[in-house]
Amino acid sequence: MRLIRAKDTHDAGRKAANIISAQVILKPDSVLGLATGSSPLGIYQQLIRWCGRGDVDFSQTRTVNLDEYVGLGPENENSYHSFMHRNLFSQINIDPANVHIPNGLEPDADKECRRYDALIRGLGGVDIQLLGLGNNAHIGFNEPADCFVKGTHRVDLSQSTIDANSRFFADASQVPRQAYTMGMLDIVQAERVVMIVTGAHKAQAVHDAFCGPVTPMVPASILQLHRNFILVADEDALSLSPELA
Ligand code: F6R
């Protein structure tokens, strides 16, 4: 595991964006595994800026997103389809045909999960997977559990995740209770994994994930075993983990 320290959220976003853009410059048809939520927003803003200046070209790049809420379609402003379109895809020169996100409207979970895993395999796997970190140390929507689930699956969201994500909805009752998420094998098979974590509210999760044992009760802890894992974190997020220095 490699740690890249950042001063603050802005600095972390720029540092992580540099890693993603270097990947695309070196391999223009890279498969990028992408995340939603607050954490990647600074990265996406940088990539949009650099793309606008012609410094990075996404015309051949393929993407697979980590997750989508069950029951929300692309036209719903809270869906992750909508989030990605608004915050990245509509502002870079990516081919919409190369963009992939689980289909939250597919009622047959087995069918959707098989489709998504086959799609990732068909793309040749993920070159670089971008992750945020849940307050409960989830990655994608792989919630704390008794075992790691390998492939894409439909998951019941934990109360902690529903509470954390209610800030994007009118109130907590509007947050979908289930999501489709890539599984842990999908994530750890990525050639490289980059996680961005900022803020004191994530400090405990960082400590649990990277200073403690590897356990499915702390899903991100599995990244300790990844050969090419980079943690980009600001001082606040690292405040409870002096041993990572
Ligand atoms: C989002 C995702 C989640 C988030 C995590 C952190 O696609 O998979 O694991 O990365 O919940 O969310 P933020 O960044 O909003 O704190």
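Residues numbered from 1 in each chain as written. Predicted model: local features only at pLDDT ≥ 70, side-chain atom pairs only at ≥ 80, totals over all residues. Heavy atoms only, no water.

The next thing to look at is unusual backbone geometry. With a phi close to 70 degrees, alanine 137 is a non-glycine residue in the positive phi region. Tracing the sequence through the fold places alanine 137 in the loop between strand 6 (128-131) and strand 7 (153-156). (Helix = DSSP H or I, 4+ residues; strand = E, 2+ residues; numbered from the N terminus.)

Inspection of the entire model under this criterion finds zero disulfides. Its sulfur unpaired, cysteine 147 is 15 Å from the next cysteine sulfur, which belongs to cysteine 113. (Disulfide = S-S within 2.5 Å.)

Bringing the sheet that holds strand 6 into the picture now. With parallel pairing, seven strands are arranged side by side in an open sheet as 1-10-9-6-2-3-5. Strand pairing shows two members of the sheet lacking a second neighbour, strand 1 (2-6) and strand 5 (99-100), which therefore form its edges. In this structure, strand 2 (residues 31-34) lies alongside strand 3 (residues 62-65), joined through four bridges in parallel fashion. Paired with leucine 34 across the strands is asparagine 65, a residue of strand 3. (Pairing = 2+ DSSP bridges.)

Turning our eyes to something else, we now look at the environment of lysine 7. Along the chain, lysine 7 turns up in the loop between strand 1 and helix 1 (9-26). A residue is classified by how much of its surface remains accessible, and lysine 7, at 64% relative accessible area, is exposed. In this structure, the C-alpha to C-alpha distance between lysine 7 and glycine 104, residues 97 residues apart in sequence, is 37 Å. (Buried < 20%, exposed > 50% of the residue type's maximum accessible area, 1.4 Å probe, protein only.)

Let's shift gears to the site of the ligand. In the vicinity of the ligand, 14 residues are found, and the nearest of them are Ser39, Asp67, His138, Gly140 and Lys202. For the ligand, an oxygen atom lies 2.5 Å from a polar atom in the side chain of serine 39. Interatomic distance of 2.6 Å between a side-chain N/O atom of aspartate 67 and an oxygen atom of the ligand. Computed on the free molecule, the ligand has an accessible area of 410 Å², of which 94% lies beneath the protein chains in the complex. Grouping the constituent residues of the shell around the ligand by class yields three nonpolar, eight polar and three charged. (Near = heavy atom within 4 Å. Polar contact = N/O pair within 3.5 Å; in protein donor to acceptor, adjacent residues only side chain to side chain. Areas by Shrake-Rupley, 256 points an atom, 1.4 Å probe, with all protein chains shown as cover. Nonpolar A, V, L, I, M, F, W, Y, C, P; charged D, E, K, R; others polar.)

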